[in-house]
Amino acid sequence: MSCRVQQSIQSSFWFISSTPLRNSLNPRRSYFKNRISFGKTLFWSSSRAALYCTCSSSSGNKDSFANGGGGSDSFVLTTPLYYVNAPPHMGSAYTTIAADAIARFQRLLEKKVIFITGTDEHGEKIATAAAANGSSPSEHCDVVSQAYKALWKDLDISYDKFIRTTDPKHEAVVKEFYSRVLAKGDIYRADYEGLYCVNCEEYKDEKDLLDNNCCPTHLKPCMRRKEDNYFFALSKYQQQLEEVLTQNPGFVQPSYRLNEVQGWIKNGLKDFSISRASVDWGIAVPNDSEQTIYVWFDALLGYVSALLEDSELASLEAAISSGWPASLHLIGKDILRFHAVYWPAMLMSAGIGLPKMVFGHGFLTKDGMKMGKSLGNTLEPTDLVQRFGPDAVRYFFLREVEFGSDGDYSEERFIRMINANLANTIGNLLNRTLGLLKKNCQSTLAVDSYVAADGNKFKAAVEKLVEKAHMHYQKLELSAACETVLEIGNAGNLYIDSQAPWTLFKQGGTAFETAAKDLVIVLEAMRIISIALSPITPSLSLRIYSQLGYTEEQFNAVSWRDTKWGGLKAGQVMAQPTPIFARIEDGTEAETRNAATKKVNKKEKVIKSKSPVEA
């Protein structure tokens, strides 16, 4: 079954006439005096997944976002603000792992990184979920938000800011933003009526429903509702949005997502509702306590309010001056419309710069099928981490899934890949090299790695692969970056096998010296691997670096410049060789081992049962 990479959150945007509405400060225009029935003429969007955004008004190509948001030395990126109607799933974990890898790479480039994540905590669906659990909305949000923080800790997520939309500072920013857009004349009041799915938290077009007006997703009847709400004049910004996408083709990535966005805009933009009269759990509309601000117009601002320092007074300008615009928003493709169309228009209305890039990634499936509790094939991230560890989980999903495309999880493929890449190619190479160094050189390097590799083609090959990995990271090609770093490990295994230092050591003399140099060369390659792979597998990389005789403080201080050949020095003492990554046993291997153990135990039992003479 399928697990969506982005947590699908409520998404109720109901749209009305695409005719630009000017002078909309008037609470009601004459053409809204009569109730507007949306019926089949409305366009309803179907997903409100995790919130986070970062679009861009100045990025001319796919790589330009690397220059940062607030300045050339800064890099601000966001994940969605995950909706807390339910605990975190593998989809939200995937987005956050990818964001963390990007943040760690940018830190290696010595950028000032602000990595934002958090939770979206308002809306009817959350109030309903809380009631079902016998708790208040506030208590429910506390529990689920903490579950996200716990999972991010287990996955080694190095976020800098965790914003909750129930934070009073966030509420202050949202209200100020709302008032600014209102003053611009882009908010007006109108009636709407339509069929509403509580589970989706959105209005549905009748033609998309099943019999008895049932939602095709939740198979429950939709309720007819009509309310008096406030609307945002999205249609007013159609031309400006078209210009943004024309002038900045790197604003939406991958490129095929850009095509989708251009298609939506070309079909005409329609205004959408930004308040609710029937939802109490939310931020009150300024000057109208009977309405709450609808979740999208609330949570999207979390990307801005998160920038506030704890000691800072909450204000929109203070938040903006602390790092906006963002360099990169990572989102699931199901919420692309909200981040690449609605959010930029909202920012334009408020006179705030646009983020530099919106990147919409794909969904996850399991064994080729969509994931779902009803099918019993959900993929729980906490369970995966407990069974296999954070490095294995991070590596598999970033290596297996081409970033931007859909990807599939298979436990058999997971175990096979992790054993082959991390345990064998990387782990075994380090362990056997350190073992030879201990046996023949007392775990001490004979020469500097730069001297050892003088004129050696292996050094040139590693340097070329390091540059290639750097390029892939810059382009958000995380799978290709993993593959390239692994190529260094493969080259190291080929090199040590071809040189056969174990044989050279036995010959003594100059052959012994050559073998000692070969070990230094391979270990230098391992040092470079540990740095180049650290955005993907930070804990594994630290273990590698520690075995090479470095401290954790030294590891935390490295930059991408340290991938340059020549780090290991003569006389440096390596740690005792200890496997850095244990092979994962699959079901077949475990059964074979258990059967062998039982056979041995049975034999021992038979022997012990015999008399001394019989034995």
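Note that the coordinates shown come from a computational prediction; the quantities given were computed from them, not determined experimentally.

1. Details of the sheet that holds strand β13 (residues 288–293)
Across the sheet, 3 strands lie side by side as β11-β13-β12; this open sheet has antiparallel pairing. Pairing within the sheet leaves two strands with one partner each, and these edge strands are β11 (275–276) and β12 (284–285). Looking at chain direction, β11 and β13 are connected through 2 bridges and run antiparallel. Each bridged residue has a counterpart across the sheet, and for R276 the counterpart in β13 is T292.

2. Let's talk about helix α1 (residues 90–108)
End to end, α1 covers 27 Å across 19 residues, agreeing with the expected 27 Å (1.5 Å per residue, within 8%). Burial runs high along α1: 17 of the 19 residues are buried. Just downstream of α1 lies E110, where phi reads positive at about 65°.

3. Observations regarding helix α5 (residues 238–247)
If you check which residues of α5 are buried, you get Q238, L241, V244 and L245. Down the axis of α5, the buried side of the element spans an arc of 125°, and every buried residue falls inside it. Away from the buried face of α5 by more than 90 degrees, exposed residues Q239, T246 and Q247 are located. Residues of α5 that are buried in the fold lie against β9 (252–253), α6 (255–266) and α10 (336–350).

4. What to know about the pattern of salt bridges
All chains considered together, the criterion is met by 27 salt bridges. The salt bridge involving D288 is made with R189; its shortest N-O contact spans 3.6 Å. Taken together, the residues span a long stretch of sequence, with D288 in strand β13 and R189 in strand β6 (residues 187–197) at a distance of 99 residues. On the basis of relative accessibility, which here comes to 10%, the residue D288 falls in the buried class. Linked through salt bridges whose partners overlap, the residues forming this network are D100, R104 and R394.

5. Description of the packing of helix α16 (residues 478–499) against helix α18 (residues 509–532)
Their axes nearest at 10 Å, the elements α16 and α18 cross at an angle of 170°. The angle between α16 and α18 places the two elements in the roughly antiparallel class. For the pair formed by α16 and α18, the contact residues are V485, I488, G489, G492, Y495, I496 and Q499 on the first element and D518, L519, I521, V522, A525, I528, I529 and A532 on the second. Residue composition of the contact of α16 with α18, grouped by class: 11 nonpolar, 3 polar and 1 charged.

6. Describing the pairing of β13
Of the pairings in the sheet, the one linking β12 to β13 comprises 2 bridges and is antiparallel in character. In the sheet register, A284 faces β13, and the bridge partner there is T292. Hairpin connection of β12 to β13: 2 residues between the antiparallel strands, including N287 at a positive phi of 70°.

7. Structural notes on the nonpolar core
A general tendency of soluble globular proteins is for nonpolar side chains to be buried together. Judged by nonpolar contacts, the single largest core of 109 residues is most densely connected at F397 and F414. For this core, the element with the highest residue contribution is α18, accounting for 14 residues. Every residue in contact with F414, bar those within four places of it in the chain, is listed here: F388, A392, V393, F396, Y409 and I584. In terms of nonpolar packing, the next biggest core, distinct from the first, is built from 62 residues, V244, Y294, V295 and L301 among them.

8. Topic: the packing of α1 against helix α12 (residues 390–400)
The geometry of α1 relative to α12 is characterised by a closest axis approach of 10 Å and an angle of 90° between their N-to-C directions. By the angle between their axes, α1 is roughly perpendicular relative to α12. Packed against α1, whose contacting residues are M90, Y94, I97, A98, D100, A101 and R104, the element α12 presents V393, R394, F397 and L398 at the interface. Its residues assigned to classes, the contact of α1 with α12 comprises 8 nonpolar, no polar and 3 charged.

9. With respect to the pairing of β6
Along β6, 10 of the 11 residues are buried, which leaves the element largely enclosed by surrounding structure. Looking at chain direction, β6 and strand β8 (residues 223–232) are connected through 10 bridges and run antiparallel. What sits directly across from Y196, in β8, is M223.

10. Side note on the side chain of Q572
Within the secondary structure, Q572 sits in the loop between α20 (552–556) and α21 (587–609). Not counting chain neighbours up to four residues away, the residues in contact with Q572 comprise S443, T444, L445, L548, G549 and Y550.

11. Concerning unusual backbone geometry
For the peptide bond that leads from Q253 to P254, omega is -10°, which places it in the cis range. Mapping P254 onto the fold places it in the loop between β9 and α6. Here the bond from W324 into P325 is cis, since omega is 10°, no more than 30 degrees from zero. Along the polypeptide, P325 turns up in the loop between α9 (316–321) and β14 (328–332). The backbone of D156 sits at a positive phi, close to 60°, despite the residue not being glycine. Positionally, D156 belongs in the loop between α3 (137–154) and β5 (161–164). Looking at D156, the relative accessible area reads 21%, which means it is partly exposed. If you check the backbone angles, N212 has positive phi at about 60° while not being a glycine. Looking at where N212 falls in the secondary structure, it is placed in the loop between β7 (202–204) and β8. According to the relative accessible area criterion, N212 is exposed, its value standing at 67%.

Quick notes on the rules
Residues numbered from 1 in each chain as written. Predicted model: local features only at pLDDT ≥ 70, side-chain atom pairs only at ≥ 80, totals over all residues. Heavy atoms only, no water. Pairing = 2+ DSSP bridges. Helix = DSSP H or I, 4+ residues; strand = E, 2+ residues; numbered from the N terminus. Expected span 1.5 Å × (residues − 1). Buried < 20%, exposed > 50% of the residue type's maximum accessible area, 1.4 Å probe, protein only. Arc of directions from axis to C-beta. Contact = heavy atoms within 4.5 Å. Salt bridge = Lys/Arg side-chain N within 4 Å of Asp/Glu carboxyl O. Axes fitted to C-alpha atoms, helices over the stretch in contact; angles between N-to-C directions. Parallel < 35°, antiparallel > 145°, perpendicular 65-115°, else oblique. Nonpolar A, V, L, I, M, F, W, Y, C, P; charged D, E, K, R; others polar. Core = buried A, V, L, I, M, F, W, Y, C linked by side-chain atoms within 4.5 Å.

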